[in-house]
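The chain contents come next:
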Amino acid sequence: MARTDERFRAAFNAVLDECSALKPGDLLASELVLSAQFEVSRTVIRSILERLDMIGVVKWRGRQKALLRAPSPDDWLTVNASQVSPEELERQFLYWILRFDVPPGTPLNVAELARQFRVSVYGLQEFLASLSRFGLVKRRPKNGWELVGFTSDFAIELSDFRMMIELNAVSQLITLPDSHPIWRKIEELEAAHRALAAAIDERFHDFSLLDERFHLAIGSVTRNRFVAEFQKVISLIFHYHYQWDKKDERARNAAAIGEHLRLIAALKSRDEISALAAARDHLRTSKQTLLSSLRIHALP
């Protein structure tokens, strides 16, 4: 049964992580969005929602899924550490950094974090060693690890690097033949953007996931292992930052949808000059939104 399956348990815990960043009364995303976000079927999402409703974390009535209370430590399900993928560990760790106000210079208690993320100590050590390449963590002089932190300087450097790799990806995408799978993805993404724009008043919270899908699709045409590795971290960070700053969220997300559609139109027209201009304008806006979100997140 789904509730005894490790995949269900991992997805359930990931949804709980999402709930931990919400306030009582906040609404969860649609089943379709949750299914895409956590890469499980809608049947599994419904089973998760049933359990959340049963234990009193979420009130699920039809399409509305409202958070009733913050999850407690006992709500998480036990997961075999060997079943937690590197991608899931990466996602959990970035949740922790980006959502729970962990200040720069924080020493990392590997044993405690291994329990929190439901991985082995060895697995977490290996992960931190790989993550150190991104400059988010570093080894301490004597022993252990330290969080370098997600600062404004880091955000600026990340945005500038994102600009370089995505403009290069746009130029490559323009040259691909009609038979390339990316064009079907572009069509699907255009339809998803138009559907979200048509329902923006009710669904503007869903934009961050669509933004992640959009930028990952563009970056996927770059056949470069180093770019691909950084693209994952970049997309996750920009995905989560959209959820920090709630001020003018609807208007900001509606404007971003328009910027995406402008870029999609230029790509479909094979107009490289217009596509690069649209991408550059959108990435500059995204950079300013990220910096603004950091300032909001830092407020007491």
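In every chain, residue numbers begin from 1 and rise along the written sequence. With pLDDT at 70 or above as the cut-off, local features in this predicted model cover only qualifying residues; side-chain atom pairs require 80 or more to be listed or tallied, and sums for whole chains, interfaces and linings still use all residues. Excluded from the side-chain calculations are hydrogens and water; all other atoms, namely the structure's heavy atoms, are used.

Our focus in this paragraph is the nonpolar core. In this text, buried Ala, Val, Leu, Ile, Met, Phe, Trp, Tyr and Cys residues form a nonpolar core when linked through side-chain atoms within 4.5 Å. Relative accessible area decides the class of each residue, using a 1.4 Å probe on protein chains only: under 20% of the type maximum gives buried, over 50% gives exposed, and in between gives partly exposed. Formed by 32 residues in total, the largest nonpolar core has its most connected members in Ile-182, Leu-263 and Leu-267. Looking at this core, the elements with two or more residues in it are α7 (152-174), α8 (181-198), α10 (207-219), α12 (249-268) and α13 (272-298). Only heavy atoms enter the contact rule, under which two residues are in contact if any of them lie within 4.5 Å. Residues within four places of Leu-267 in sequence aside, it is in contact with Val-170, Leu-173, Ile-174, Trp-183, Ile-186 and Ala-275. Counting residues in each nonpolar core, the second largest holds 21 residues, with Ala-11, Leu-16, Leu-67 and Leu-77 among its members. Every helix listed is a DSSP run of H or I at least four residues long, and every strand listed is a run of E at least two residues long, numbered separately from the N terminus.

Bringing α8 into the picture now. One less than the number of residues in a helix, times 1.5 Å, gives the span that helix is expected to have. Its 18 residues place the ends of α8 26 Å apart at the C-alpha level, agreeing with the 26 Å of an ideal helix rising 1.5 Å per residue. If you check which residues of α8 are buried, you get Ile-182, Trp-183, Ile-186, Leu-189, Glu-190, His-193 and Leu-196. Along the axis of α8, the buried positions cluster into a sector of 140°, meaning they face one direction only. Counted as exposed and oriented over 90 degrees from the buried face of α8: Pro-181, Arg-184 and Ala-198. Where α8 is buried, its residues contact α7, α9 (200-203), α10 and α12. Note: the arc covers the axis-to-C-beta directions of the helix.

Each salt bridge in this description consists of a side-chain nitrogen of Lys or Arg and a carboxyl oxygen of Asp or Glu lying within 4 Å of one another. One pass over the structure, following the stated rule, counts 15 salt bridges. In this structure, Lys-23 engages Asp-26 in a salt bridge whose closest nitrogen and oxygen atoms are separated by 3.9 Å. Residue classification places Lys-23 among the exposed residues on the basis of a relative accessible area of 54%. Its salt-bridge partner being Asp-75, residue Arg-69 comes within 2.9 Å of it at the nearest N-O pair. A relative accessible area of 9% means that Asp-75 is categorised as buried.

When two rings of Phe, Tyr or Trp (its six-membered ring) have centres within 6.5 Å they constitute a pair, described as stacked for plane angles under 30 degrees, edge-to-face for angles over 60, and tilted for the intermediate range. Summed over all chains, the structure comprises three aromatic pairs. Summarising the aromatic geometry, the rings of Phe-8 and Phe-12 are spaced 6.0 Å apart at their centres and angled 25° between planes, so their arrangement reads as stacked. Taken together, the residues span about one helical turn, with Phe-8 and Phe-12 both in helix α1 (residues 6-20) at a distance of four residues. In terms of burial, Phe-8 and Phe-12 fall into one category: buried. An aromatic cluster is present here, built from Phe-93, Phe-117 and Phe-127 joined pairwise through their rings. Between Arg-51 and the ring centre of Phe-12, over which it is positioned, the NZ or CZ distance is 5.4 Å. Geometrically, a charge over a ring is one whose NZ (Lys) or CZ (Arg) sits within 6 Å of the ring centre while staying within 35 degrees of the ring normal. Positioned above the aromatic ring of Trp-183, the side-chain terminus of Arg-270 is 3.9 Å from the ring centre.

Here the focus is the environment of Ala-36. Position of Ala-36 relative to the elements: it lies in helix α2 (residues 31-38). Judged by its relative accessible area of 44%, Ala-36 falls in the partly exposed class. Along the backbone, Ala-36 and Leu-210 are 174 residues apart, and their C-alpha atoms lie at a distance of 9.7 Å.

Our focus in this paragraph is the packing of α8 against α12. Between α8 and α12, the least distance of the axes is 10 Å, while the angle of their chain directions is 150°. Considering the angle they form, α8 stands roughly antiparallel to α12. For the element pair α8 and α12, the recorded crossing hand is left-handed. Contact residues: α8 offers Trp-183, Ile-186, Glu-187, Leu-189, Glu-190, His-193, Arg-194, Leu-196 and Ala-197, while α12 offers Ile-257, His-260, Leu-261, Ile-264, Leu-267 and Lys-268. Tallied by class, the residues present in the contact of α8 with α12 amount to nine nonpolar, two polar and four charged. Every axis in this analysis is a line fitted to C-alpha atoms, fitted for helices over the stretch in contact. Angles between the N-to-C directions lie between 0 and 180 degrees. Should an angle lie under 35 degrees it is considered roughly parallel, over 145 roughly antiparallel, and from 65 to 115 roughly perpendicular; all remaining angles are considered oblique. Note: crossing handedness is left-handed where the near helix turns anticlockwise from the far helix by less than a right angle, and right-handed where it turns clockwise. Note on residue categories: nonpolar means Ala, Val, Leu, Ile, Met, Phe, Trp, Tyr, Cys or Pro, charged means Asp, Glu, Lys or Arg, and polar means any other residue, Gly included.

Another aspect to go through is the pairing of strand β1 (residues 58-61). In β1, alternate side chains face the same way, and those of Val-58 and Trp-60 are buried while those of Lys-59 and Arg-61 on the opposite face are not. Bridging between β1 and strand β2 (residues 64-67) involves four bridges; their strand directions are antiparallel. When the bridges of β2 are listed, Trp-60 appears paired with Lys-65. Two strands form a pair only when DSSP identifies at least two bridges running between them. The loop that links β1 with its antiparallel partner β2 comprises two residues; one of these, Gly-62, has a positive phi angle of about 65°.

This next bit is on the environment of Gly-219. Along the chain, Gly-219 turns up in helix α10. If we skip the residues at most four places from it in the chain, Gly-219 touches Ala-169 and Gln-231.

Taking strand neighbours across the sheet as the criterion, the three strands line up as β3-β5-β4 in an open arrangement whose pairing is antiparallel. Both outer strands of the open sheet, β3 (107-108) and β4 (137-139), are each paired with one neighbouring strand and no more. Of the strand pairs in this sheet, β4 and strand β5 (residues 145-147) are connected by three bridges, and their pairing is antiparallel. Looking across to β5, one finds that Val-137 is bridged to Leu-147.

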